[in-house]
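Spelled out from the first residue to the last, the chains are:
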Amino acid sequence: MRESVRAEIRQVADGLVFPEGPVWHPDGYLLFSDVHGATIERLKPDGGTATWWSVGKKTNGLILSPDRRKIIACCYSERELLEIDAETREYRVITRECDGRPYVNVNDVAADSNGFIYFSDPKWNPAPDDVQGVYCVRPDGTVFLAAHLDQQPNGLVVSPDERYLYVARSGADHIVRFQRRSDGTLTDMVIFVELERGAEPDGMTVDSSGNLYIAEAGTGRLTVVAESGQILGQVQVCERMATNCEFHGQDSDLLYVTGGGKQGTRQGRVWELRLIWG
């Protein structure tokens, strides 16, 4: 049984503006958004990056579609959800609004094996009429507000058994868990794990055992939480602004973390973490 975790850390890319949203491409390499650089970058085998997609749009969270042919991308700059062909890199807009109401951000994204797509729509310094929450795109293309959720709903993942959706609430320093129904609706929200004040949980991923890996923007740490809600370990990756994380293909012991970025600078980096379980 895996009861605790630490990591060996190696920096594999730097000179980025604001790295976010890593996803493992079906051809066997890491992609990630450089949000304020307005590109999607590819991690090269020997370190460093090459631009994979650049059309003037600023993307954030990325995920692979269930058929492994598309990259689903949150478009931060245009407040829309995109579908990018993983081979041709052509794209289309999935949605820009729900019930006539434009989104306020479009931040991060998760999907299940049946083609239900969830994305978070947070707002920092919201106006009274701003709607924050989690939206769902059904396989038939219809969109609905699955959960009205304030305090900056951010990273989100579907559990391995697809019974639950976990959502990081950056403004509340905790992770919530919803039960999922077959029509994509969400019910029975509970606080799954409380993090320390100022953690600002951001992007997340999950392994096949149901362990959550949470990038903390406030602390620069990666926090690993068991399916039971027990914190298994915390790894200090950077000073602050750890933004997201993703596994190296099917390797559950090799993880990438993006972070360190700040708009107007090129101090963003990507790290490779070799997880060591106790």
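Predicted model only: the values in this text are computed from it and were never measured.

How each quantity is defined
- Residues numbered from 1 in each chain as written.
- Predicted model: local features only at pLDDT ≥ 70, side-chain atom pairs only at ≥ 80, totals over all residues.
- Heavy atoms only, no water.
- Salt bridge = Lys/Arg side-chain N within 4 Å of Asp/Glu carboxyl O.
- Helix = DSSP H or I, 4+ residues; strand = E, 2+ residues; numbered from the N terminus.
- Buried < 20%, exposed > 50% of the residue type's maximum accessible area, 1.4 Å probe, protein only.
- Core = buried A, V, L, I, M, F, W, Y, C linked by side-chain atoms within 4.5 Å.
- Contact = heavy atoms within 4.5 Å.
- UniProt positions renumbered as here; feature names shortened; annotations may be inferred.
- Pairing = 2+ DSSP bridges.
- Axes fitted to C-alpha atoms, helices over the stretch in contact; angles between N-to-C directions.
- Phe/Tyr/Trp six-rings, centres within 6.5 Å; stacked < 30°, edge-to-face > 60°.
- Lys NZ or Arg CZ within 6 Å of the ring centre and 35° of its normal.

Colleague: Please set out the pattern of salt bridges residue by residue, giving values where relevant.
Modeller: Scanning all chains against the criterion turns up nine salt bridges. The salt bridge partner of Asp112 is Arg180, with a shortest N-O separation of 2.7 Å. One end of the pair, Asp112, is in the loop between strand S12 (109–111) and strand S13 (117–121); the other, Arg180, is in strand S18 (residues 174–180), and 68 residues separate them in sequence. The residues Asp112 and Arg180 share a single accessibility class, namely buried. Salt-bridge contacts for Glu216 lead to Arg221; the nearest nitrogen and oxygen are separated by 3.5 Å. Overlapping salt bridges bring together Lys57, Glu80 and Arg96 as one network.

Colleague: Describe the nonpolar core, listing the residues and the values that go with them.
Modeller: Formed by 19 residues in total, the largest nonpolar core has its most connected members in Tyr213, Leu222, Leu255, Val257 and Leu273. When contributions to this core are tallied by element, the ones reaching two or more residues are strand S21 (212–216), strand S22 (221–225), strand S23 (231–236), strand S24 (242–248), strand S25 (251–259) and strand S26 (268–277). If you tally residues by element for this core, the top one is S26, at four residues. Beyond its immediate stretch of four places on either side in the chain, Leu273 contacts Ala7, Glu8, Ile9, Leu222, Val235, Val237, Asp253, Leu254, Leu255 and Val257. Of all hydrophobic cores here, the second largest spans 16 residues; its members include Val134, Leu149, Phe178 and Leu186.

Colleague: Can you explain the UniProt feature "domain: SMP-30/Gluconolactonase/LRE-like region" (unreviewed entry) in the protein? Please cite residues and give values.
Modeller: Per the UniProt record, "domain: SMP-30/Gluconolactonase/LRE-like region" (unreviewed entry) is found at residues 18–258. With 0% helix and 56% strand, residues 18–258 has its two end C-alpha atoms placed 9 Å apart.

Colleague: Summarise the sheet that holds strand S19 (residues 186–194); cite the residues concerned and give the values.
Modeller: Taken together, the four strands give an open sheet; going across it, the order is S16-S17-S18-S19, and neighbouring strands pair in antiparallel fashion. At either end of the open sheet lies a strand with only one pairing partner, and these are strand S16 (153–158) and S19. If you compare each strand with its neighbour and ignore which way they point, the axes differ by 25° on average. Looking at chain direction, S16 and strand S17 (residues 164–169) are connected through four bridges and run antiparallel. Looking at S17, one finds that Pro153 is bridged to Arg169.

Colleague: Now, about the environment of Val176: what can you tell me, with residues and values included?
Modeller: Its location among the elements puts Val176 in strand S18. On the basis of relative accessibility, which here comes to 0%, the residue Val176 falls in the buried class. Through-space distance from the C-alpha of Val176 to that of Leu156 is 9.5 Å; in sequence the pair is 20 residues apart. Sequence-distant contacts of Val176, defined by excluding residues within four places in its chain, comprise Leu149, Leu165, Tyr166, Val167, Arg169, Met189, Val190, Ile191 and Phe192.

Colleague: Please provide a residue-by-residue account of the packing of aromatic side chains, values included.
Modeller: Applying the stated criterion across every chain yields a total of seven aromatic pairs. With a centroid separation of 6.3 Å and an interplanar angle of 10°, the aromatic rings of Trp24 and Tyr256 are classed as stacked. Of this pair, Trp24 sits in strand S2 (residues 19–25) while Tyr256 sits in strand S25, and the two are 232 residues apart along the sequence. A relative accessible area of 5% means that Tyr256 is categorised as buried. An angle of 70° between the planes, with centres 4.9 Å apart, marks the rings of Tyr103 and Tyr135 as edge-to-face. One end of the pair, Tyr103, is in the loop between strand S11 (101–102) and S12; the other, Tyr135, is in strand S14 (residues 133–137), with 32 residues separating them in the sequence. Of the two residues, Tyr103 and Tyr135, neither departs from the other in class, the shared state being buried. The ring of Tyr29 carries Arg42 above its face, with NZ or CZ at 5.6 Å from the centroid. The lysine or arginine in question, Arg177, covers the ring of Tyr164, its NZ or CZ lying 4.2 Å from the ring centre.

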